[in-house]
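Listed here are the chains, written in short residue letters.
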Amino acid sequence: MTEQEPQATPDAPAAAEKPARHGPPIVVAEEVLNERGEETAAQLARTLGTLVLDAAGREDTPWVRVDAAELHEAAKKCRDGEMSMDMLNLMLAVDWVDRIQMVYVLYSTTNNRKAILKADLPAELPTIDSLTDLWEAATWYERETHDLFGVEFPGNSDMSPLLLYEGFEGHPGLKSYPLNDYEEW
Amino acid sequence: MALEGNNDAQSLPLFVPQKWDREKGGHFFHTDEGGDESLGKGNHPAPNRISGTVPGVITAKLDDLIAMGRSNSLWTLTFGLACCAIEMISTHMAHHDFDRFGIVTWPSPRQSDVMIIAGTVVKKMADPIRLLYEQMPDPKWVIAMGTCATSGGPYYKSYSVVMGVDHIIPVDIYIPGCPPRPEALMDAFMKLQTKIKSDAKNHQIDDLRDSVEQIAPAPAPDAALVADSVPIATEGTAG
Amino acid sequence: MTTEPQFETVDMMLNMGPQHPATHGVFRMVLTVDGEMVVDVTPHIGYLHRGSERLAEVESYGQVITLFDRVDYIANLNNELAWVRAGEKMMEVEAPERAQYIRVILAELNRIASHLLFIGTYAIDLGAMTPVMYCFRERERIENLFEHVTGARMMHNYMRIGGVRSDVPDDFVPWVRRLVGEVRKGVEESDNLLSTNEVFLGRTRGVGVIDGPSAVSCGLTGPALRGSGVPYDVRKDDPYEIYPYLNYKVPVGENGDCWDRYYLRVLECYESLSMVEQCLNQLPDGPIMAAGRRIARPPAGEVYVHSENPRGDLGVYLVSDGTDKPYRVKIRPPSFCNLVGLRPMTKGSYIADAVAILGSLDIVLGEVDR
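Residues numbered from 1 in each chain as written. Chains lettered and ligands numbered in written order. Predicted model: local features only at pLDDT ≥ 70, side-chain atom pairs only at ≥ 80, totals over all residues. Heavy atoms only, no water.

1. Notes on the overall build of chain B
In plain terms, the rule: Numbering goes from the N terminus for both helices and strands, where a helix is a DSSP run of H or I of at least four residues and a strand is a run of E of at least two. Burial classes: relative accessible area under 20% of the type maximum marks a residue as buried, over 50% as exposed, and values in between as partly exposed (1.4 Å probe, protein chains only). Here the open area of atoms and residues is found with the Shrake-Rupley method and a 1.4 Å probe, where only the protein chains shown may cover a residue.
Along its length, chain B carries seven helices and five strands. Overall, chain B shows an N-to-C arrangement of helices and strands of α-α-β-α-β-β-α-β-α-β-α-α. Looking at the 239 residues of chain B, the share that counts as buried comes to 44%. Element-wise, carbon and sulfur atoms account for 59% of the exposed surface of chain B, whose accessible area totals about 12,600 Å².

See the structure below:
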């Protein structure tokens with residue numbers, strides 16, 4: 001399996017060059033918001049205020065990073081405030097090896113705007129509050145993330161395995177799970 | 001592996017797969033210890049009772065007739081797993097009609113002859129497939145449609161995919177393709193029909209051989225001829 | 001169900017197992033029934049979880065196109081379009097106009113094929129055996145065209161990041177015009193057979209009602225959401241490719257029951273046919289692939305792209321670390337989210353209605369489980 005370089009990301013400082021890499025150097029994309037994205041970013045800043053740790057965005061979708069403990073509050077403000085984000089479009093986890101990043105894509109059917117919330121969790125025992133009381137769509141997303149990444153969601157009443165069978169050992173979404181070393185069954 | 005568990009719908013037995021060990025006798029073929037190679041691997045139905053009791057010419061034509069009947073009226077279990085199921089459904093429909101072969105799709109495993117595994121076999125699904133296979137009564141056949149059922153296909157080396165359904169059940173016909181065309185599925189059924197008829201003929205040859213053995217057993221080789229001959233089998237050759 | 005039982009009763013759990021003719025694939029529903037009325041439903045999925053997202057991390061950008069073909073195996077070209085657009089957004093290239101027109105023509109034809117399959121299988125779930133034969137006959141015509149253009153009936157692997165793989169044959173435009181006429185007649189035939197049939201109306205009217213706000217909260221998209229009155233269509237709200245140049249309406253239902261969800265798919269077929277004709281009239285000449293590197297090596301970053309599949313809003317969240325293989329690919333499958341709405345729709349209906357409701361959601365298990 002090819003070794004992954006998670007350091008070259010927009011929201012972490014670029015690491016020193018790794019001499020063992022072949023091929024062209026890694027280019028980091030510039031994140032530029034267009035006009036509509038700027039409006040949405042301004043609304044987000046107004047809604048969330050001091051909860052925001054980082055903010056950037058690409059084209060018409062701004063993203064903000066909040067602390068994991070305050071994510072539930074931030075999501076509630078997005079849903080109920082002027083942004084009225086009434087749909088949780090997508091929820092996923094990204095395994096940067098030293099941390100797990102939860103990404104929530106929210107959408108508002110009334111305003112037709114998209115926004116992304118991110119939160120960083122530690123790599124061992126990642127835990128974050130469940131959002132099932134805000135959007136019902138979160139129930140299955142959280143079960144799936146728990147299956148594949150091992151993230152715990154206190155507050156979600158049903159955490160049985162969704163995609164994997166009961167008794168599956170390990171969390172296959174993590175980079176540490178051996179994929180091509182799989183033995184024939 | 002034995003499937004234990006109650007039939008209580010509340011706690012259906014969920015499969016925890018263990019590593020399947022070919023040497024320890026985990027093969028599922030119907031062949032006896034002797035391994036009758038002439039009958040071919042896969043499924044072959046037990047010979048019919050009449051031929052055991054009244055061997056010979058009388059039942060040869062009956063076996064042929066039964067085989068012809070079976071092969072021209074194969075009822076398949078509606079069992080589409082993934083993308084190949086769409087091509088399987090297309091084959092049943094008006095353009096590439098399957099009904100002209102006598103093949104109808106039947107939802108209940110207890111009344112069907114053929115199971116077409118159309119699609120990727122995932123470990124979570126291995127238990128239900130084995131259950132369905134055991135619910136089908138003899139004579140039954142299995143067709144592995146598509147590369148996923150044959151050997152894992154494009155999902156080879158994935159963590160949750162069984163690399164080919166023949167780890168779980170014995171397969172008669174393999175169809176390559178991703179997905180195979182409806183014409184390929186029809187060709188597979190025509191080959192299955194040939195297999196059913198030739199298996200029946202092979203049964204007859206064995207029955208005939210057994211009955212001839214009973215009436216006139218082969219004489220022991222002549223001792224004078226044997227003494228001068230050079231033994232063929234030495235330690236090096238396989239026994 | 002209002003009379004008090006004279007004896008003690010216990011709710012029964014009925015398993016519609018992974019092998020069932022009406023579950024549209026390997027889907028398992030455990031219904032808790034009180035007599036004939038469904039009290040609760042627990043869906044179990046994962047019987048087709050093949051690990052596509054994880055496999056995408058070890059395959060290059062061009063190889064992932066084949067994985068996406070098999071995610072929603074009925075609307076292949078729409079999936080490819082979503083992935084290819086994600087790659088293009090990441091690499092900051094744009095496909096030339098001719099390629100975009102060809103992509104939209106094929107995607108809309110695939111939408112029609114998918115809806116035809118829905119109409120046929122929905123009818124056969126409810127017991128009508130004739131429309132499925134007619135619908136599959138029309139699907140064969142469309143698959144014939146796909147074979148002529150892309151080389152395969154189902155898994156096309158035709159779109160590339162930056163355009164399409166090869167130009168369409170010379171007889172493409174007259175062939176598609178003829179095809180549109182034939183398919184329109186076929187859709188009308190099935191429409192006349194089913195949509196105002198009294199038995200069909202009795203089975204689907206007022207069954208599986210869900211209102212707009214709960215549908216949005218459950219994450220429903222596509223026809224399942226538009227049936228409840230919420231006019232969310234990605235082609236109109238977040239337009240992509242050449243959809244802004246086309247003139248079409250998006251059908252929206254009122255009651256949120258099964259018949260609305262069925263009928264607006266039929267109307268979408270007619271709209272898609274008119275869209276294909278408009279595209280044929282506007283099809284320009286030109287290159288079909290953007291100039292650029294053969295091996296996609298996008299800059300590091302994250303991008304979210306969504307497009308309108310026949311089943312809903314297919315989203316692709318792509319995280320790249322600068323190498324030639326994606327770092328993380330997350331597919332937002334519309335059927336996965338539509339299944340969250342199965343529970344509120346099915347509570348309080350009969351067992352036969354559970355089959356009708358599941359059919360009207362139009363799920364594809366390859367997408368639900370990936």
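2. With respect to the overall build of chain A
Which entries qualify depends on this criterion: The contact criterion used throughout is that any non-hydrogen atoms of two residues lie within 4.5 Å.
Scanning chain A from terminus to terminus reveals three helices and five strands. Listed N to C, the secondary structure of chain A is α-β-β-α-β-β-β-α in terms of helices and strands. Classification of the 185 residues of chain A by burial places 51% in the buried group. Long-range contacts, defined here as pairs at least 24 residues apart, represent 52% of the contacts in chain A between residues at least 6 apart. Surface exposure of chain A reaches about 8,400 Å², of which carbon and sulfur atoms provide 50%.

3. As for the nonpolar core
Quick note on the threshold: In this description, a nonpolar core means a group of buried Ala, Val, Leu, Ile, Met, Phe, Trp, Tyr and Cys residues linked to one another through side-chain atoms lying within 4.5 Å.
Core analysis: the largest hydrophobic core is formed by 205 residues, its most contacted members being Tyr 104 and Ile 128 of chain A, Met 115 and Ile 117 of chain B together with Tyr 73 and Trp 83 of chain C. With 15 residues, helix α4 (residues 97–125) of chain C is the single largest residue contributor to this core. Every residue in contact with Met 115 of chain B, bar those within four places of it in the chain, is listed here: Leu 77, Phe 79, Ile 129, Leu 132, Tyr 133, Met 136, Trp 141, Val 142, Ile 143 and Ile 169 of chain B.

4. What to know about the sheet that holds strand β1 (residues 52–58) of chain A
All names here are of chain A. Condition: Between any two strands, pairing holds if DSSP finds at least two bridges. The convention used is that axes are lines fitted to C-alpha atoms, helices contributing only their stretch in contact, and that angles between N-to-C directions extend from 0 to 180 degrees.
Pairing in this open sheet of five strands is mixed, and the strands run β1-β2-β5-β4-β3 from one edge to the other. Each edge of the open sheet is held by one strand with a lone partner, namely β1 and β3 (87–96). Averaged over all neighbouring strand pairs, the angle between strand axes comes to 20°, with direction disregarded. Bridging between strand β2 (residues 61–66) and strand β5 (residues 113–122) involves four bridges; their strand directions are parallel.

5. Things to note about the interface of chain C and chain A
Rules: The term buried area means the drop in 1.4 Å probe accessible area that two parts suffer when joined, counted for both and summed. Whenever a carboxyl oxygen of Asp or Glu lies within 4 Å of a side-chain nitrogen of Lys or Arg, that contact is scored as a salt bridge. N or O atoms within 3.5 Å of each other form a polar contact, as long as, within protein, one can give a hydrogen and the other can take it, and as long as residues adjacent in sequence are counted only when both atoms are side-chain atoms. Note on residue classes: Ala, Val, Leu, Ile, Met, Phe, Trp, Tyr, Cys and Pro are nonpolar, Asp, Glu, Lys and Arg are charged, and everything else, Gly too, is polar.
Tallying the contact residues gives 49 residues for chain C and 55 residues for chain A. Contact between chain C and chain A buries roughly 4,400 Å² in total, counting both sides, with carbon and sulfur atoms accounting for 58%. Interface area lost by chain C to chain A is led by Arg 54, Glu 302 and Tyr 327 of chain C, which between them contribute 17%. Counting across the chain C and chain A interface gives seven salt bridges. A salt bridge links Glu 302 of chain C to Lys 118 of chain A; its shortest N-O distance comes to 2.7 Å. Scanning the region where chain C abuts chain A turns up 18 residue pairs in polar contact (both at pLDDT 80 or more). Sorting the residues of the side of chain C that touches chain A by element identifies α1 (52–55), α3 (76–91), α8 (212–218), β6 (301–309), β7 (312–320), β8 (328–332), α12 (334–340) and α15 (365–369) of chain C as the ones contributing at least two each. In the side of chain C that touches chain A, the residues fall into 22 nonpolar, nine polar and 18 charged.

6. Concerning the packing of aromatic side chains
For clarity, the threshold we go by: Here a Phe, Tyr or Trp ring, Trp counted by its six-membered ring, pairs with any other such ring whose centre lies within 6.5 Å, and the pair is stacked when the planes are under 30 degrees apart, edge-to-face when over 60, and tilted otherwise.
What the rule picks out here adds up to 22 aromatic pairs over all chains. Judged by centre distance (5.0 Å) and plane angle (80°), the rings of Phe 98 of chain B and Phe 189 of chain B are edge-to-face. Taken as a pair, Phe 98 of chain B in the loop between α3 (83–92) and β2 (104–106) and Phe 189 of chain B in helix α6 (residues 182–215) lie far apart in primary sequence, 91 residues in all. As far as the burial class goes, Phe 98 of chain B and Phe 189 of chain B line up, both buried. On the basis of an interplanar angle of 15° and a centroid distance of 4.8 Å, the ring pair of Trp 259 of chain C and Tyr 263 of chain C is categorised as stacked.

7. So, the sheet that holds β7 of chain C
Residues and elements named next belong to chain C. Spatial strand order, β6-β7-β8: three strands in an open sheet with antiparallel pairing. Single-partner strands in this sheet number two, and they are β6 and β8. If you compare each strand with its neighbour and ignore which way they point, the axes differ by 15° on average. Here five bridges tie β7 to β8, and the two strands are oriented antiparallel to one another. Bridge pairing in β8 links Leu 318 to Val 329.

8. Details of the pairing of β3 of chain A
Residue and element names in this part refer to chain A. With ten of ten residues buried, β3 is to be regarded as a mostly interior element. Two strands pair when backbone bridges link them, and β3 and strand β4 (residues 99–108) are joined in this way by nine bridges, in the antiparallel orientation. Within the sheet, the bridge partner assigned to Leu 88 lies in β4 and is Leu 106. In this structure, the hairpin formed by β3 and β4 is closed by a connection of two residues.

9. With respect to the packing of α4 of chain C against helix α14 (residues 351–361) of chain C
All names here are of chain C. Note the threshold: Here the angle decides the label: under 35 degrees means roughly parallel, over 145 means roughly antiparallel, 65 to 115 means roughly perpendicular, and every other value means oblique.
Contact pair α4 / α14: the axes reach a minimum separation of 10 Å and the direction vectors enclose 175°. For the element pair α4 / α14, the angle class is roughly antiparallel. Every residue of α14 that contacts α4 at Phe 118, Tyr 122 and Asp 125 is listed here: Val 355, Ala 356, Gly 359 and Ser 360. Taken together, the residues that form the contact of α4 with α14 break down as four nonpolar, two polar and one charged.

10. Topic: helix α3 (residues 138–149) of chain A
In an α-helix, one turn spans 3.6 residues; hence positions three or four apart end up facing the same way. Convention followed: To estimate how far a helix should extend, the number of its residues minus one is multiplied by 1.5 Å.
Across its twelve residues, α3 of chain A extends 16 Å between first and last C-alpha, which sits within 8% of the 16 Å expected from 1.5 Å per residue. Among the twelve residues in α3 of chain A, eleven count as buried, and that is most of the element. For α3 of chain A, the secondary structure elements touched by its buried residues are β3 and β4 of chain A together with β3 (37–44), α1, β8 and α12 of chain C. Trailing α3 of chain A by a residue or two, Gly 150 of chain A shows a phi angle of about 85°, which is positive.

11. Some details on the pattern of salt bridges
In the structure shown here, the tally under the stated rule is 47 salt bridges over all chains. For Asp 120 of chain A, the salt bridge is made with Arg 99 of chain A, and the minimal N-O distance between the two is 3.4 Å. Of this pair, Asp 120 of chain A sits in strand β5 while Arg 99 of chain A is found in strand β4, placing the two residues 21 residues apart along the sequence. The partly exposed category is assigned to Asp 120 of chain A, whose relative accessible area is 22%. Of the charged contacts, one joins Glu 147 of chain C and Arg 181 of chain B as a salt bridge, the two residues approaching to 2.7 Å between their closest N and O atoms. Taken together, the positions of Glu 147 of chain C in helix α5 (residues 130–150) and Arg 181 of chain B in the loop between β5 (173–175) and α6 put the pair across two chains. Residue class for Glu 147 of chain C comes out partly exposed when judged on its relative accessible area of 27%. Assessed through its relative accessible area of 32%, Arg 181 of chain B is described here as partly exposed.

12. As for the confidence of the model for chain B
For the record, the criterion: The predictor attaches a confidence to each residue, and that confidence, scored 0 to 100, is pLDDT.
Averaged over every residue, the pLDDT of chain B is 74; residues scoring 70 or more account for 66%. Two summary scores accompany this predicted model of the complex, namely pTM at 0.84 and ipTM at 0.87.

13. Structural notes on the environment of Ala 216 of chain B
Residues and elements named next belong to chain B. Within the element layout of this structure, Ala 216 appears in the loop between α6 and α7 (223–228). Residue Ala 216 is classed as partly exposed on the basis of its relative accessible area, which comes to 46%. Once the C-alpha coordinates of Ala 216 and Val 104 are considered, the two residues, 112 residues apart in sequence, prove to be 47 Å apart.

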